[in-house]
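Inside the fold
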Amino acid sequence: MTKQELFNQITQKSSYLCVGLDTDLNRIPKHLLKAEDPLFEFNKQIIDATIDYAVAYKPNIAFYEAHGVKGWESLQKTIEYIPKEAFTIADAKRGDIGNTSNMYARAFFDAMNFDSITVAPYMGEDSVKPFLEFDNKWVILLALTSNAGGKDFQNLSLEKGGELYEEVLSKSQEWGSDEELMYVVGATRAEALQNIRKIVPDHFLLVPGVGAQGGSLEEVSKYGMNKHCGLLVNSSRGIIYADDSVDFAKTAGVKAQELQTEMEGFLAKFL
Ligand SMILES: O=c1ccn([C@@H]2O[C@H](COP(=O)(O)O)[C@@H](O)[C@H]2O)c(=O)[nH]1
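Residues numbered from 1 in each chain as written. Predicted model: local features only at pLDDT ≥ 70, side-chain atom pairs only at ≥ 80, totals over all residues. Heavy atoms only, no water.

The name an unreviewed UniProt entry gives the protein is Orotidine-5'-phosphate decarboxylase, with Roseivirga pacifica as the organism. Here is the UniProt Sequence similarities (unreviewed entry) comment for the protein, exactly as written: "Belongs to the OMP decarboxylase family. Type 2 subfamily." (UniProt positions renumbered as here; feature names shortened; annotations may be inferred.)

**Structural notes on the sheet that holds strand β8 (residues 231–235)**
What the eight strands build is a closed barrel, ordered β1-β2-β3-β4-β5-β6-β7-β8; its pairing is parallel. Across the sheet, the mean angle separating the axes of adjacent strands is 30° when strand polarity is ignored. Across four bridges, strand β4 (residues 116–119) lies against strand β5 (residues 138–144) in parallel orientation. Of the residues in β5, the one forming a bridge with Ser 116 is Trp 138. Strands in contact with helix α5 (residues 98–111) are β3 (87–94), β4 and β5; relative to β3, the strand with the most contacts, it is inclined by about 155°. (Pairing = 2+ DSSP bridges. Helix = DSSP H or I, 4+ residues; strand = E, 2+ residues; numbered from the N terminus. Axes fitted to C-alpha atoms, helices over the stretch in contact; angles between N-to-C directions. Contact = heavy atoms within 4.5 Å.)

**Remarks on the UniProt feature "domain: Orotidine 5'-phosphate decarboxylase" (unreviewed entry) in the protein**
Taking the UniProt record as the reference, the feature "domain: Orotidine 5'-phosphate decarboxylase" (unreviewed entry) is found at residues 16–252. Secondary structure over residues 16–252 splits into 36% helix and 17% strand, and the C-alpha atoms at its two ends are 16 Å apart.

**Regarding the packing of helix α2 (residues 38–50) against helix α12 (residues 248–270)**
For any two helices packed against each other, the geometry comes down to the angle between their axes and how far apart the axes lie. Taken N-terminus to C-terminus, the directions of α2 and α12 make an angle of 40°; their axes are 8 Å apart at the nearest point. By the criterion of interaxial angle, the relationship of α2 to α12 is oblique. Crossing of α2 against α12: the hand is right-handed. Listed contacts from α12 to Phe 42, Gln 45, Ile 46, Ala 49 and Thr 50 of α2 are Phe 248, Ala 249, Ala 252, Gly 253 and Ala 256. The residue makeup of the contact of α2 with α12, split by class, is seven nonpolar, three polar and no charged. (Parallel < 35°, antiparallel > 145°, perpendicular 65-115°, else oblique. Left-handed = near helix turned anticlockwise from the far one by under 90°. Nonpolar A, V, L, I, M, F, W, Y, C, P; charged D, E, K, R; others polar.)

As structure tokens, this is what we get:
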């Protein structure tokens, strides 16, 4: 999906919501455990209930690979089920020496046909570039993550000035353009967004941390939005586990719609 196509989706749905598919057998409604493929059955119903309000879906790969072959099958079925209009994110946080990164990229872009993958920048240019060699695919580089421990390294001051996450943002722009590179910035780090927008004014940001982690959608939208919206705001648990009854999908739809309605307001105010 191109940047323009993503922006078109955002405009059409008045939404920059990404629904996180962190599907956990211990948390899904009990009646689904009888299904042949409970992970897929849950995802299918969540997708059907939220597709009118969401522009992206982000399966977190850990929740699938934890089940071995069966989990990978559920993931494959899920990615095939997501309507083509939606942007898909493999939240896999990969990155290794070049030839290994190339295999990761082939797994998620060729074999599974995801639009994008999250990548850790820690191993540098030759670990990230293999992911950028695929047409019409996106790399989403971890910049300033939502967890408390993100500060351990990402906020370290560099001798030449600035902090490590700022160097990730500026250096990586030598590797790819804003048509193929996005950044992860946690909603819990919204105070940094004004500064981040000075370094990456045109890039899309994937923003997890709204909902269960307590990030503010309003602050993220106010300080993070650019002329192409430039935001995909993820909520996983806050949507998919809002209700563990047989009505779980309906409730997920309501939660997604609530966020979409707020986003519609912010698009009118800040875009
Ligand atoms: O900095 C980061 C990077 C990734 N994540 C992932 O996003 C979702 C958040 O889930 P919630 O239930 O909405 O909190 C999850 O898959 C994380 O692994 C993140 O939270 N922060």
